[in-house]
Structures are given as structure tokens and as C-alpha cells.
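# Observations on the three-dimensional arrangement
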Amino acid sequence: MKALSEFTGNERKLLGIIGIDVGNHDTKTRHKTFSSGFQKVKVVNKLSSEYIVFTDKYGEPVYYTFENKPFNLSYNKTESEEMFIISLMAIAREAVARGISLNGDEIDLAIGMPPGMYNQKNIDNYSHYYMERGKNLAYTYCYGENKYDFRFSIAHVIVTAQCWGAAAQYPHLHRDLDEVYLVDIGGGTTDVIHMTTGNIDGTPLSYNDGVNKMFSTIANTMTNETGIRFEAKNIKDAMMKKGNLSERHIERIKELAYDWTKNIFSRMMTEGVEFRLAKVITLGGGSLILDEEIERVSKELGFVERLAIKDSKANATGYELVAALALYHIKSKAVNEFWRELDSEILNTVE
């Protein structure tokens, strides 16, 4: 681990920009993905292998352990402390992945929000949420036998619309298109952006309907049909080709997932999103899980063409691109070249 303060120039700036995509299901950074959930305890379970720990005003430790079960985060995540704690977990994980330590440094936070919420009032609320809490932070990140002390402040918060962040990361998919729709299916929302000649056209749409709700709905249906108590996790595992469910149950789950997928895309088209006249680019963790269902639906509903961004971290890395340009006038090509070289060095070191 090398102190961030030991780096200079663009290297220092880019290492100090941390993009975080706090989803209702998973949280993503450039190098890490984990469930958006934690448990706050005063005494940590000895079986817990990963957690962060603060010292409260009475000098007592407070532990936040990583949990595989995500929260039901609200549409406006600034209404509670949960998004901030999850963000601190993400910063710790990402800093370790980058091989940097934070010892009194300032960092820049690059985050996003559903495009339907993307207005100046909400941008200011998100920025205030982090800046108010982000001064003189101190906590310890524990992973197995390793312990990392973090001390830092958040200097800047750059807020970008989801979808747009991914579009910034993958411009080659839409650069030469006169018209394209970006559809981001996440844990809590499904977001749609219409772009013409590289610019956002019209008002972005956000539906409070993501795969978390789909998992729960399918679990309830399966329970009613079979008498077996299915949970959302069983459905997610089956969709990701994990778990121990029978082929018969998996087949039924896939049928229900297809129905949900067709319903959400049909709803968009009913409300004026015209996939039959412009190409659609799907992205987000939900789109990856529903890849087969989306491809089937795209053919049945007559899409011009469906393209896909299959990197679930595309928004997080895209947020960093936007922040690098906004704060330091560093262009995306330079940012991507920096990370290709650094990640190659890290990989060679591990090997």
C-alpha cells in the first residue's frame, strides 16, 4: 500500500477520484462489486471476515459488517445514513484494490442518480449529503487478518445521471448513431435516456421497477404455486445459474422473468419510447441477469437492434470519466490509458 499523498500530477488526481454506483441491489466501483447491505453491531461476530469499524463519541467501537442481503434502499437514498455507510465500505474496498492508503488525504467522489431525478435540486441534495458527512473521516477496514486505517475528507462531489455515466465509458457504441436509447435495469429502478447525435434528447425516464422487485414478485408466485417457501435470493441465484433448484423450478422462474421483462419494455413503448425506430443499448446489473430474456423480447417487440454493455461497473467507471474532465480537464482517452497501464501493472505484480 502506497500513500495517496506520495503520488503527483494526473496520477494523484485520477487515483483520488473514486466512482461509486450505489444500487438498490449491488454497489459497484471500478474494481469491486458487493451487495448493498450491512449490519450495524456493537460486538462483531468472530465469523465476520469483512467489516469497517468506527469509534463513537464515547470511545466505543461500532462495527458495520458486510452482508450478502441488500437493503431495500429508497428511491431517494439521501433520506438515511445507509448510502453513506455503504459508500465508505466501497471507498475502503476500492482503495485497497488500487493499492493506496489514505492518511489525511482529500478524495473526490463521483456518484450518480436515476436520470428521472437528475435536476439541480437533487444534485445539490446529493452533494450536500456527502459533503456534510465527509470531513475528517476516520475508520478501519478489516478483511480477514488484514487491517487498514483510513483518514480522509471528501473534497468534491460530482453527480452524474445513471446511463449517461455508462455512455461516457462506451462512446463507440453510440458515437456514430443519429439516435439511440439507453436502458439501465438496476436493482431498484429501470432508467431510459434518449440520445440524438450524442446528446440527451427530452426528459429521461425512471421507473421504480428493478430486479429486486422482480425477484420478490417471482418468489411470491413460486411459493403460491408450489407451497415451497421461495425467497428473493433463490430467484436471483437461479437467474444467475447458481443454487440447487430443480430444472422444473428454474424453467418456471425463467418464464416469469420473461413476462416481467416483456411487461417493462412494453410499458416503455406504450409511454412513447420507440425501440422500433432507434437502436437500444441495455446496461446495468439487471440487464446482465436478464440478458436472454431481453434478447427474446427485443425480437418479439420488433427492436431495430439491441446492443449491450455487459460491464456491470460501467456506470461507476463512467462517473470517474465525467469527474476527471469536470474537475481537472483530463479527457477520457487519458483516463482509460492510465487505468489500462495501472491495472496491467497490478495484474503482473499479482502473477
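Heads up: the structure comes first, above all this text.
Read on for a plain summary of the structure. None of these values were measured; they are calculated from a predicted model. (Residues numbered from 1 in each chain as written. Predicted model: local features only at pLDDT ≥ 70, side-chain atom pairs only at ≥ 80, totals over all residues. Heavy atoms only, no water.)

## Some details on the packing of helix 2 (residues 82-98) against helix 3 (residues 120-133)
The test is simple: With axes taken as lines fitted to C-alpha atoms, and helix axes fitted only over the stretch in contact, angles between N-to-C directions fall between 0 and 180 degrees. For helices the rule is a DSSP run of H or I covering at least 4 residues; for strands it is a run of E covering at least 2, with both sets numbered from the N terminus onward. Helix crossings get a hand from a simple test, with the near helix turned counterclockwise from the far one by less than a right angle marking a left-handed crossing and a clockwise turn marking a right-handed one. What makes two residues a contact is simply this: any of their non-hydrogen atoms within 4.5 Å. All residues other than Ala, Val, Leu, Ile, Met, Phe, Trp, Tyr, Cys, Pro, Asp, Glu, Lys and Arg, Gly among them, are scored as polar; the first ten of these are nonpolar and the last four charged.
Look at helix 2 against helix 3: their axes get within 11 Å of each other, and the N-to-C directions meet at 65°. Remark: the crossing between helix 2 and helix 3 carries right-handed chirality. Touching Glu82, Met83, Phe84 and Ser87 of helix 2 are Tyr126, Tyr129, Tyr130 and Arg133, all from helix 3. Here the contact of helix 2 with helix 3 is built from residues that sort into five nonpolar, one polar and two charged.

## A few points about the packing of aromatic side chains
Threshold: Ring geometry is summarised as follows: Phe, Tyr and Trp rings, the Trp one being its six-membered ring, pair when their centres sit within 6.5 Å, and such pairs are stacked at plane angles under 30 degrees, edge-to-face over 60 and tilted between the two. In this scheme, the term charge over a ring applies when either NZ of a lysine or CZ of an arginine sits within 6 Å of the ring centre and within 35 degrees of the ring normal.
Under the definition given, this model contains 17 aromatic pairs. Counting every residue linked through ring pairs, the aromatic cluster contains Phe38, Phe54, Tyr64, Tyr139, Phe150 and Phe152. The ring of phenylalanine 7 carries the charged tip of lysine 2 above its face, separated from the ring centre by 4.5 Å.

## Points about the environment of methionine 269
Along the chain, the position of methionine 269 falls in helix 7 (residues 247-270). The contact partners of methionine 269, leaving out residues within four places of it in the chain, are Glu274, Phe275, Arg276, Leu301 and Phe303.

## A look at helix 6 (residues 232-239)
The following threshold applies: Exposure classes here rest on a 1.4 Å probe applied to the protein chains alone. A residue is buried below 20% of its type maximum, exposed above 50%, and partly exposed in between.
Along helix 6, the residues classified as buried are Ile235, Lys236, Asp237, Ala238 and Met239. Against the buried residues of helix 6 lie strand 4 (26-28), helix 5 (211-226), helix 7, helix 8 (285-289) and helix 9 (291-300). The first or second residue beyond helix 6 is lysine 241, which carries a positive phi of 60°.

## Focus on the sheet that holds strand 11 (residues 137-143)
Quick reminder of the rule: Criterion used throughout: strands pair if DSSP finds at least two bridges between them.
The strand order across the open sheet built from seven strands is 2-10-12-11-7-8-6, with neighbouring strands paired in mixed fashion. In the strand order of this sheet, the two ends are held by strand 2 (17-19) and strand 6 (38-41), each with one partner. The sheet shows a mean angle of 35° between the axes of neighbouring strands, direction not considered. Relative to the sheet, helix 2 contacts strand 2, strand 6, strand 7 (50-55), strand 8 (61-66), strand 10 (103-113), strand 11 and strand 12 (146-161), its axis offset from that of strand 11 by approximately 65°. Sitting on the sheet, helix 3 touches strand 10, strand 11 and strand 12, and the angle it makes with strand 12 is about 160°.

## Some details on the pairing of strand 7
In terms of burial, strand 7 is a largely internal element, five of the six residues being buried. Direction of pairing for strand 7 relative to strand 11: antiparallel, over a ladder of four bridges. The partner of isoleucine 52 across the bridge, within strand 11, is tyrosine 141. In this sheet, strand 8 lies alongside strand 7 in antiparallel orientation, the contact comprising five bridges. For phenylalanine 54, the partnering residue across the bridge sits in strand 8 and is valine 62. Counting the residues in the hairpin turn of strand 7 and strand 8 gives five residues, including glycine 59, whose phi is positive at 85°.

Purely geometric numbers; function is a separate question.
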